[in-house]
Each structure stands twice: as structure tokens, then as C-alpha cells.
Amino acid sequence: MSDSTSVEPDGSQAETASQAGATVLVEPTEAEVQQERQDLAGVVGSPWSRGLRLVGLVAVVVLLGMRQGLSMLVVVAAIVIMIFLHELGHFIMARRAGMLVTEFFIGFGPRIFSFRRGETEYGLKVIPAGAYVKIIGMSNMEEVDPALESRTYRQKSCSQRVGVAVAGSTMHFLIAFVLLFIQFAFIGGPDGGRWQVGELTEGGAAQQAGVLTGDEVVGFNGSEISSFDEFRTQVSAADAGKVDFEVLRDGQRVVIPIDLSTRVKIIGTVGEDIDVLDNGDQILVGGSPANGAAATAGLIEGSTLVQVNGVDVNSLDQVKSAMADSADGEFTLTTQSPDGVSSTATIDLGSEVATTQPTAFVGVGQQAVLETQSVPAAAWSTVTTFSRTAQASIVGVGKFFWPPNIYAFVSSTITGDAPEDSTTTATAAEDTPAGASANRPISIIGVAMLGRDLSSENISNLIQFLALLNIFIGIFNLIPLLPFDGGHVVIALYERFQEKRKRTDQRYLADVSRMAPVVYVVISVLAVVGILAMFLDITKGVSM
């Protein structure tokens, strides 16, 4: 990158600079400086206004921590760092190529503070929703001082432009590799079929028998257990009564006699079911999705169920009989808390509702057992996990931009159509009403919520989540359309192709203005889908 030589106010110019082809920068007049200050007054603001912006940003961070917990702050900070590193990749490659980078900011909107080092202004803006690097001359549509034309993005070689364009995604891929290796080598990843108790249903058989979170389940009713799916199969085939529940606790094999509860599921058509348990002493409300219709209506796990649709219930058979009187998918459940306070929740599970036959129920949720690997094994696991995730991300991006999928998502969100479900089979335990989450776009808010939930389980889940998120974002940014980075790659390659075809060393500049309609469509689709996804994330919640 060539050095620049200033010109004195009297107009004299250093000959050495012009001979070397260096950029000549003219010192602005006092009038021009004053005009620029006036133009930026509303953006930069006075020291007081910048201070208020900083106070406002700090207040938002504190409020977020108070409302969502420390784990949410950790996730948000990780996302901001991730975005910063993305832009840092563009910045480093642009500087290496000799391009003029005039701004490098974290956030958008009005400035909180900034400083200049060399040619670049660095700073923080009030809305920490991203970051950006400003490189001059990104396309033929941008007007640039002729003296600076040689340092524009568009005048650099094809390899340099491609290098700058893919640098952001490359940073995401590097971050993912580092995070996955750290997880497998130092923190630990899920160990095959081994699993331990992650949560206990309030009032369930396991909790009453003394099973603890962290117990590693190895046997049930005399049979060895190799996976959680095998455990669920054996429980569903068991009869109510006492069974032996075998766990590893502090390295010791412990046999815990359990008197199995009995469960029925109230099934709706919105991707949500409600567990009702009989633990031998009372009828209890079991688990339901945290952001679902039942939780929104005020139903509390572990509370005693006393009435269904206004009818007293003392057995699961009575629950099934009373549920038969439900109108469409709406019904009422009256519960009593341990301190004797009664409450009635009106719940709507869609167009119809039904109940399953009673089955045995233990009341444990799974959590993977973590195990670290040797350095070579961790490296191999990193490569294979990265490869699988990249392939899945490519498929996911293709599904996202498939017009019928976009139309279905937008129309169902606007009209409020319920996701396809039926009352013939129970919804799998891992599927929540946002069941949707795994099959629909989620916003940055949803990403933060997922990260918060995963980090509350263990740090390994958070590390893996951030790694997979980086892989997906890296792939997403390489979509070969503007305004994505992949669009700039395509333009650079197209321009190089035209230069080769014409057999000329003169730079060929694609007319980006002809691509404006496509850019507007892409931005419009992203805006609509992003807003609707944000709405669903806030109102319905998210799940993996």
C-alpha cells in the first residue's frame, strides 16, 4: 500500500509522490471543515448527546441481563464478537490489497464515539445489531475522487476482490473450526448413546423415588440401556408398578426402586401436547412447552389437577371422559397449587383435541454425557462435524430461498394457520409449538434465545451452537446474489471472464445498476421474512 503525500494550502505538490503514483490528498479549507461539521452534527452529536447514547446502550444491556439472565448476555456478546470478526476479515484483506477503508464501526445509527487511526475511522454506534467496513468504490455506481480511483475495490485484481469478499465467511469457518476443536478436545462432546438425567418432571415417579439430575442411566427393569430412545421404548412397554432403575452416581452403580406413574397425553393440532400424570396419590399436570399455549394460559407443571371442563377428576379415566366434552380444541383445566390456591386455565390446542391411552411414565429428561477426545480424534471430529453441518446448511439455504417455502411461511404467519398436526399420535417430546423452529426461519432474537437455553444446560452445548451458527452464516453469506458477499464473488468472476474473453488487460466493470431489481427483491424478501420470524420468535418462542 502506497504512502500518501499531502499538498500544502498554497497548492505545491511533492514531486516524489506524483512520480511514485501515490495518492495526493488535498487539505480541506476552513469553510469545508465547518460545513462538514454542520452536516455531521445530527449524526455525531455533542459530547452530551453521545454520553446519553452510551448511557442508553448500557441501560439496555443491564435490562437485558436482569430480564433474560447472564446466559443471554453471554450469547449476545458472542454474536457481537462473531459479527465483529466477520468484518475484521473484510478489513484485513482490503488493507492487504491496498484498498482504502474509510470506516470500521460496530453497530448502526448515531455514533457513541469514534477515533481515527491513519486513513480509517473506528468507532461504536448506538444499535449493536452488527458491524460494517466501508471500502470505497465497491461498484461502478459509486462516485470516487479520481485521485483515489487506484485504491478502490473495483480497480483491484480479481483475486484480491474475491479475497475481500470471501474473507467474512472465511472468518466464520475459522471460528467454527476453533470452537469445535475446543469442544471435542477440552470441554467434551456427546458420548454416543450414553446419557444422564437432565431434568425431572415435578411429582413424577423418578423425582419421588430420589433420582437426581446428573445420574447416568444404565438399566431399566433388569435390562441394559444403550440410548434414550431404547429407554423410552422400554418404558412405554412397561406396566404400572415397581421397577428397578439403574444409574451411575459418583462412579457407583445404584439401583433405585421406582413406582411408575401413569400418563395420558392431551393432544392438540398445533404441535403441542399436555401430560397428565397419576402418581398413585393424585392427578398432576406434567410438562408442556415453555412458550406454548398451556404455559401462556398459566398452567404450571406439578400442580394438582382437580377439574377438567368443570368436572371433578380423580383418575385418568375421568380425565379422558371429561376431555371428550371439549368443544373443538378448547378446554379448561382447574388446578391447585401445593399451598391450596386454585386456578383455571382455558387452553386452545387447535381445531380438535383427543387423549392417548394411559401408559407407564418415569418423568426424566435426557442430557448427553460429555467426553473429551485426544487431539487427533478431536481434529477428525472437528472436520467431520464441520462437513456435515456445511452440507446441511447448503440444503437449508436452498430450502429458505425456494419460492414455495417462502410463500408458505409468509402466508401461514400472516393468516395464523396452525402447523400441520393431528390428534392420532402424540407429538414427540422434543417437538414444541414453535416446531416450527427447526423448519422455519428464525431471527437474530430467536438465535439469542436458542443460545440462552442451550448455555443454561452446559457450556458444551453453547460452544457447539456457536460453531454451527458460524458455519451456517458463513454459507449463507456466500449466496451468489447481491447484497451477499457471494454476489460480489460472482461479479468479480464475471468481470474476469469478460476480460479474458476480450483478451484485454483493461479492467472490465460490470454495470451493477442492471442488477438493482434483483437486489431490491432479495432485500425485500429478507426484510419481510426477518420481521415475521422476529414476530414468531417473540410470540411463539423457538426450539431446536
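Given the structure is predicted, the values throughout are model-derived calculations rather than measurements. Every chain is numbered on its own, with residues counted from 1 as its sequence reads. Only residues with pLDDT of at least 70 get local features here, since the model is predicted, and only at 80 or more are side-chain atom pairs given and counted; chain-wide, interface and lining totals rely on the full set of residues. The basis for every side-chain value is the complete set of heavy atoms in the structure, and neither hydrogens nor water enter the calculation.

## Re the packing of aromatic side chains
This is how the line gets drawn: Side-chain rings of Phe, Tyr and Trp (the six-membered ring for Trp) are treated as a pair once their centres are within 6.5 Å; stacked means planes under 30 degrees apart, edge-to-face means over 60, and tilted covers the remaining angles. Strands are runs of DSSP state E lasting at least two residues, helices are runs of H or I lasting at least four, and both sets are numbered from the N terminus onward. Only protein chains enter the calculation, and the probe is 1.4 Å; a residue is then buried if its accessible area is under 20% of its type maximum, exposed if over 50%, and partly exposed in between.
According to the stated counting rule, one finds 20 aromatic pairs in the structure shown. For the ring pair Phe91 and Tyr122, a centre distance of 5.9 Å and an interplane angle of 70° mean the geometry is edge-to-face. Pair noted here: Phe91 is in helix α4 (residues 70–96) and Tyr122 is in strand β4 (residues 120–135), with a separation of 31 residues, a long-range link. For Phe91, a relative accessible area of 10% puts it in the buried group. Looking at Tyr122, the relative accessible area reads 18%, which means it is buried. Where Phe472 meets Phe476, the ring centres are 5.8 Å apart and the plane angle is 25°; that geometry is what we call stacked.

## Side note on the nonpolar core
Our working rule: What makes a nonpolar core is a set of buried Ala, Val, Leu, Ile, Met, Phe, Trp, Tyr and Cys residues whose side-chain atoms join them at distances within 4.5 Å. It only takes one pair of heavy atoms within 4.5 Å for two residues to be counted as in contact.
By size, the foremost hydrophobic cluster in this structure holds 40 residues, and its most contacted members are Leu179, Leu180, Phe386, Phe409, Phe465, Ile471 and Phe476. Of all the secondary-structure elements, those providing two or more residues to this core are α4, α5 (158–187), α10 (375–400), α11 (403–415), α12 (444–457), α13 (459–476) and α15 (516–540). With nine residues, α13 is the single largest residue contributor to this core. The residues contacting Phe386, other than those within four sequence positions of it, are Phe173, Ala176, Phe177, Leu180 and Ile471.

## Looking at the confidence of the model for the chain
Here is the rule: As a per-residue measure, pLDDT reflects the predictor's confidence and takes values from 0 up to 100.
Here the chain shows a mean pLDDT of 79. Residues at 70 or above account for 81%. Per-element mean pLDDT across the chain ranges from 36 in strand β1 (residues 5–7) up to 94 in α5. Across residues 1–25, confidence stays below pLDDT 50; counting only partners more than four residues off in sequence or on other chains, it has 29 contacts. Low pLDDT, under 50, characterises residues 39–44; the predicted model gives this stretch ten contacts beyond four residues in sequence or across chains.

## Brief notes about the pairing of strand β6 (residues 216–220)
For clarity, the cut-off: For two strands to count as paired, DSSP must find a minimum of two bridges between them.
For β6, the buried fraction is high: five of the five residues fall into the buried class. Here four bridges tie β6 to strand β8 (residues 242–249), and the two strands are oriented antiparallel to one another. In the strand pairing of β8, Phe220 is matched with Phe245. Pairing between β6 and strand β7 (residues 223–224): two bridges, direction antiparallel. When the sheet's bridge partners are listed, Gly219 is paired in β7 with Glu224.

## Things to note about the packing of α5 against α13
The condition that has to hold: Note on definitions: angles span 0 to 180 degrees between N-to-C directions of axes, and those axes are lines fitted to C-alpha atoms, for helices only across the stretch in contact. Working rule for angles: under 35 degrees goes down as roughly parallel, over 145 as roughly antiparallel, 65 to 115 as roughly perpendicular, anything else as oblique. In this scheme, a crossing is called left-handed if the near helix is turned counterclockwise away from the far one by less than a right angle; it is called right-handed if the turn is clockwise.
For the pair α5 and α13, the least separation of the axes is 8 Å and the interaxial angle reads 160°. As the angle between them shows, α5 and α13 are arranged roughly antiparallel. The crossing of α5 and α13 is left-handed. Judged by residue contacts, Ser169, His172, Phe173, Ile175, Ala176, Leu179, Leu180, Gln183 and Ile187 of α5 engage Ile459, Ser460, Ile463, Gln464, Leu466, Ala467, Asn470, Ile471, Ile473, Gly474 and Ile475 from α13.

## Some remarks on the environment of Met515
Tracing the backbone through its elements, the reader meets Met515 in the loop between α14 (485–502) and α15. A relative accessible area of 26% places Met515 in the partly exposed class. Linking Met515 and Leu482, residues 33 residues apart in sequence, is a C-alpha distance of 8.1 Å. Excluding its chain neighbours within four sequence positions, the residues that come into contact with Met515 are Leu482, Ile491 and Ala510.

## A word on α10
Because an α-helix completes one turn every 3.6 residues, residues spaced three or four positions apart along the sequence face the same direction. For the record, the criterion: Expected span of a helix: the number of residues minus one, times 1.5 Å.
In this model, α10 (26 residues) spans 36 Å end to end at C-alpha, consistent with the 38 Å of a helix rising 1.5 Å per residue. Among all positions in α10, only Ala378, Ser381, Thr382, Thr385, Phe386, Thr389, Ala390, Ser393, Val397 and Phe400 are buried.

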